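# Analysis of the macromolecular model
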Amino acid sequence: MNKYLLSIFFLSTLFSLSAQSEFSWGVQVTPNFSHRRLIAQDVISREQVNMLEELEIARLSYNTGVTFRWKSERVGFQTGLNFMTSGHRTRRVPIESSDPAPPGATEKRTDYKSLFIEAPAELQFMQKLNDKNYFFFMMGVTLAYNIDNATNIIFYTGESQEVVAEPTDNGQFSSVNYSFISGMGWEHQFSENFSLVLQPTFQFWLRPLLNDIDLDLNRNLYSVGVRVQALF
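Residues numbered from 1 in each chain as written. Predicted model: local features only at pLDDT ≥ 70, side-chain atom pairs only at ≥ 80, totals over all residues. Heavy atoms only, no water.

Turning our eyes to something else, we now look at the packing of aromatic side chains. If you walk through the whole model with that rule in mind, you get 9 aromatic pairs. Seen in terms of ring centroids, Trp-70 and Phe-77 are 6.2 Å apart; in terms of plane orientation they differ by 25 degrees. Their pairing is stacked. Note on Phe-125 and Phe-137: the rings are 6.4 Å apart at their centroids and 20 degrees apart in plane angle, and the pair reads as stacked. Highlighted residues: Phe-125 in strand 6 (residues 107-128) and Phe-137 in strand 7 (residues 133-157), separated in sequence by 12 residues. Look at Phe-125 and you get partly exposed, because its relative accessible area is 36%. When its relative accessible area of 34% is taken as the criterion, Phe-137 is described as partly exposed. Taken together, Trp-25, Phe-190, Phe-194 and Phe-232 form an aromatic cluster joined through their ring pairs. (Phe/Tyr/Trp six-rings, centres within 6.5 Å; stacked < 30°, edge-to-face > 60°. Helix = DSSP H or I, 4+ residues; strand = E, 2+ residues; numbered from the N terminus. Buried < 20%, exposed > 50% of the residue type's maximum accessible area, 1.4 Å probe, protein only.)

Rendered as structure tokens:
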């Protein structure tokens, strides 16, 4: 992995120094569904794993920020700075006697959310379709700093709901994380100084969410979404 990071850095440095590249900047937003991959030690039974796989589902998240791109005819390099939410949630289940539920509540759902500041390094391999349209494949890595985490229990009483925040120890979470990111996209150039990008994107976190590697149960985050980007 270190070799891969160094390769991305080396290629990006060469590309940014190229006199033939075109520079553009932009803004992007990536609505996505985020989820997690379980990391279970042998002490966790198959029945427990199956129960968690059935209970935990994806949540709606997003990634937004500013981008900077250098592009030649066939290759592009893009970086920037993003604010990112990620996590997962549970299905609605009956409440338990130990839950701090409001009177009349019958069901609950738990929402797990993590917030990051993220810096990506992406290579784009461009294919020109015509004077205004490009198709491209993208791959890269991101480096992210965890700024906050939250666990909220949502109690349902008929058609109404109430959110109860659970105490969350941010010290248990990995402060620095990194991920692999890839996608395929389409870019349409409306004018010399403005283009729009649509890009289905997959991102997988390579480091577990919690920082204790000896935990019986941990998780890797991942997400699938569509990036919408305006370049100027």
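Attention now moves to the side chain of Arg-219. Counting through the fold element by element, Arg-219 comes out in strand 11 (residues 217-231). Overall, the relative accessible area of 16% leaves Arg-219 in the buried class. For Arg-219, the side chain forms a polar contact with the side chain of Glu-56, separated by 2.7 Å. Sequence-distant contacts of Arg-219, defined by excluding residues within four places in its chain, comprise Arg-36, Arg-37, Leu-38, Ile-39, Leu-52, Glu-56, His-88, Pro-208 and Leu-209. (Polar contact = N/O pair within 3.5 Å; in protein donor to acceptor, adjacent residues only side chain to side chain. Contact = heavy atoms within 4.5 Å.)

With that settled, consider the pairing of strand 6. Moving residue by residue along a regular strand, the side chains alternate between the two faces of the sheet. Bridging between strand 4 (residues 75-90) and strand 6 involves 13 bridges; their strand directions are antiparallel. Note that in strand 6 the partner of Val-75 across the bridge is Phe-125. Alignment of strand 5 (residues 93-94) against strand 6, held across 2 bridges, turns out to be antiparallel. Of the residues in strand 6, the one forming a bridge with Val-93 is Lys-108. With 22 bridges connecting them, strand 6 and strand 7 associate as antiparallel partners. Looking across to strand 7, one finds that Met-126 is bridged to Phe-136. Hairpin connection from strand 6 to strand 7: 4 residues lie between these consecutive antiparallel strands. (Pairing = 2+ DSSP bridges.)

Turning our eyes to something else, we now look at the environment of Val-49. Structurally, Val-49 can be placed in helix 2 (residues 46-55). In this view, Val-49 contacts Leu-38, Ala-40 and Ile-44; residues no more than four positions away in its chain are not counted.

Two elements, strand 1 (residues 22-40) and strand 11, share 13 bridges in a ladder whose sense is antiparallel. Along strand 11, the bridge assignment pairs Gly-26 with Leu-231. Judged from the 10 bridges that link them, strand 10 (residues 194-205) and strand 11 form a sheet pairing that is antiparallel. The residue bridging Gln-203 from the neighbouring strand is Ser-223, located in strand 11.

Under the definition given, this model contains 10 salt bridges. Of the charged contacts in the structure, one is a salt bridge between Asp-99 and Lys-108, with a shortest N-O distance of 3.1 Å. Take Lys-108: its relative accessible area is 13%, and that puts it in the buried class. The partner of Lys-128 in a salt bridge is Asp-131, and the shortest N-O contact between them spans 3.8 Å. Residue Lys-128 is classed as partly exposed on the basis of its relative accessible area, which comes to 41%. Several salt bridges converge on common partners, so that one network encompasses Arg-36, Glu-53, Glu-56 and Arg-219. (Salt bridge = Lys/Arg side-chain N within 4 Å of Asp/Glu carboxyl O.)

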